[in-house]
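Descriptive analysis of the structure
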Amino acid sequence: MKATQALHEAGQSIWLDNITRALLNSGGLKRYIDELSITGLTSNPTIFDHAIKNSHDYDDAIREKSAAKKAGEALFFELALEDLTRAADLFRPTYDKTHGVDGFVSLEVSPKLAYDTASTVAAAKGLHDRANRPNLFIKIPGTREGVPAIEESIFAGVPVNVTLLFSREQHLAAAQAYIRGIERRVAAKLDPYVPSVASVFVSRWDVAVTGKAPDNLTDRLGIAIGKRIYKSYRELLASDKWLRLLNCGARSQRLLWASTGTKNPKASDILYVKALAAPHTVNTMPENTLKAFADHGEIASMMPHNGGDAEMVLADFGKARIDIDELAEKLQRDGAADFVKSWDDLMTCMIDKAATLKQAS
């Protein structure tokens, strides 16, 4: 049995953090589904930027859509929806088999809307309607301004992948927004089933403190934060509030581990996959990490419900004068800024590619 299959059977969903038209056309994504037990997929602007810039796979579609006066964001979303609806169809058997628990793909709204609640809700609903696939998540950042957009989108029936979560407090804010959206649907006598995941970014913690903490704490902060969040997540799942909603037919918002590729070349390439193994969660992995885990991965143990040694490790970082709360806020702000830069790079790529193809025709 491959390690990926063992992890899947232990109760954690494995998603791929990548999509390209070549991966779809070659049958590579289907092979990952069949052979490596992946049950979903995430995307972001950087992934599409690299795929469009570094291949000719999108050239014909760009020529055709540019001739129809599509440009910039409009052109990108048409290309992205073509890829993601194909991927969603590949995962549809998983979605059906799990009765809507798994089998999702994710598309991000423009990160330039991260601090604009009304525009984020409108964009989320519009993109989901255009895709016309029940197993498509719309990614909304869990910033302060994003939290009300999460609630409103859930109330509107739009499945949401909450991104850019770094701390227990940020995760709980996103989870409570989801709960409020479902409670409003119950009160309005609407179907309470609106799926959602909450994406916690892990490895960026360790990158942020590289060289700022004792050697014995190297690559331990992200995992400790993950354990702290998992403890509060398990407590939330067992709360009376959630149990009442489950009794109405709702489904819990699942915890998703993101940014799980190892950045430290001296560390194990499957460090975060092993440490974050936990049932009723998702791990979305970069392609290289997925292949590495399939090749030489193993599951030592499941993440402890009580957080294990998380608070002791975090206390040690406190002694090293690292303010966890302050750093969490900075990581979220910087993450939102990075997403905007990636989006700007993608828009530049779209303009340059369209212009190059027009000149060549």
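For the structure given in this document, a descriptive report is provided here. The model shown is predicted, which means the values in this text are computed figures rather than measured ones.

Turning our attention to the overall build of the protein chain. Summing up its helical and strand segments, the protein chain has 16 helices and eight strands in all. What you see for the protein chain is a C-alpha radius of gyration of 20 Å, in line with the 21 Å of a compact globule of 361 residues. The principal-axis extents of the C-alpha atoms in the protein chain amount to approximately 65 × 55 × 40 Å. Within the protein chain, the proportion of its 361 residues that are buried is 54%. In the protein chain, the proportion of contacts linking residues at least 24 apart, taken out of those at least 6 apart, comes to 77%.

What follows deals with the side chain of Asn161. With respect to the secondary-structure elements, Asn161 resides in strand S5 (residues 160-165). For Asn161, a relative accessible area of 0% gives the class buried. Looking at Asn161, its side chain comes within polar contact range of the side chain of Ser106, at 3.2 Å. Ignoring anything within four residues of it in the chain, the contact list for Asn161 reads Thr42, Ser106, Phe137, Ile138, Lys139, Ile140, Val197 and Ser199.

For the rest of this paragraph, the subject is the nonpolar core. Counting 117 residues, the largest nonpolar core has Leu29, Ile38, Phe76, Trp205, Leu221 and Phe317 as its most contacted members. By residue number, the principal contributor to this core is helix H16 (residues 324-360), which donates 13 residues. Ignoring anything within four residues of it in the chain, the contact list for Trp205 reads Phe166, Leu221, Gly222, Ile225, Ile324, Leu327, Ala328 and Leu331.

Let's shift gears to the packing of aromatic side chains. Inspection of the entire model under this criterion finds eleven aromatic pairs. Taking the centre distance of 4.2 Å and the plane angle of 20° together, the rings of Phe104 and Phe137 count as stacked. One end of the pair, Phe104, is in the loop between helix H6 (72-97) and strand S3 (105-108); the other, Phe137, is in strand S4 (residues 136-141), with 33 residues separating them in the sequence. Summarising the aromatic geometry, the rings of Phe201 and Phe339 are spaced 6.4 Å apart at their centres and angled 50° between planes, so their arrangement reads as tilted. Here Phe201 is found in strand S6 (residues 196-201), whereas its partner Phe339 is found in helix H16, with 138 residues between them in sequence. For Phe339, a relative accessible area of 12% puts it in the buried group. Each member of the aromatic cluster is reached from another via a ring pair, and the members are Trp15, Tyr95, Phe104 and Phe137. Positioned above the aromatic ring of Phe155, the side-chain terminus of Arg184 is 4.1 Å from the ring centre.

In the contact formed by helix H9 (residues 168-187) and helix H11 (residues 221-237), the axes pass within 9 Å of each other and the chain directions differ by 25°. The pairing of H9 with H11 is recorded here as roughly parallel in orientation. In this structure, H9 meets H11 at a crossing whose hand is right-handed. When H9 is examined against H11, the residues Arg168, His171, Leu172, Ala175, Gln176 and Ile179 are found in contact with a partner set consisting of Arg228, Ile229, Ser232, Tyr233 and Leu236. When grouped by side-chain class, the residues that make up the contact of H9 with H11 number six nonpolar, three polar and two charged.

So, how was this worked out
Each chain has its residues counted from 1, running along the sequence as written. Where local features are concerned, this predicted model is filtered to residues with pLDDT of at least 70; where side-chain atom pairs are given and counted, the filter is 80 or more; whole-chain, interface and lining totals use all residues. With hydrogens and water excluded, all non-hydrogen atoms of the structure serve as input to the side-chain values. Helix and strand labels come from DSSP, where a helix needs a run of H or I of at least four residues and a strand needs a run of E of at least two; each type is numbered from the N terminus. What the globule rule says is 2.2 Å times the number of residues to the power 0.38, and the radius of gyration is computed from C-alpha atoms. When a residue's accessible area, from a 1.4 Å probe over protein chains only, is under 20% of the maximum for its type it is buried; when over 50% it is exposed; and in between it is partly exposed. In this analysis, two residues are considered to be in contact whenever any of their non-hydrogen atoms come within 4.5 Å of each other. Pairs of N or O atoms are called polar contacts if they sit within 3.5 Å, as long as, within protein, a hydrogen donor faces a hydrogen acceptor (for residues adjacent in sequence, only side-chain-to-side-chain pairs). To define a nonpolar core, start from buried Ala, Val, Leu, Ile, Met, Phe, Trp, Tyr and Cys residues and group those joined through side-chain atoms within 4.5 Å. Centres within 6.5 Å are what make two rings of Phe, Tyr or Trp a pair, Trp counting through its six-membered ring; a difference in plane orientation under 30 degrees is then read as stacked, over 60 as edge-to-face, and the rest as tilted. Here, over-ring charges are defined by two tests on the NZ atom of lysine or the CZ atom of arginine: distance to the ring centre within 6 Å, and angle to the ring normal within 35 degrees. Axis definition: a line fitted to C-alpha atoms, over the contacting stretch in the case of helices. Angles run 0 to 180 degrees between N-to-C directions. Note on terminology: angles under 35 degrees are roughly parallel, angles over 145 are roughly antiparallel, angles of 65 to 115 are roughly perpendicular, and the others are oblique. For any pair of crossing helices, the crossing counts as left-handed if the nearer helix is rotated counterclockwise from the farther one by less than a right angle, and right-handed if it is rotated clockwise. Residue polarity follows a fixed list, in which Ala, Val, Leu, Ile, Met, Phe, Trp, Tyr, Cys and Pro are nonpolar, Asp, Glu, Lys and Arg are charged, and the others, Gly among them, are polar.

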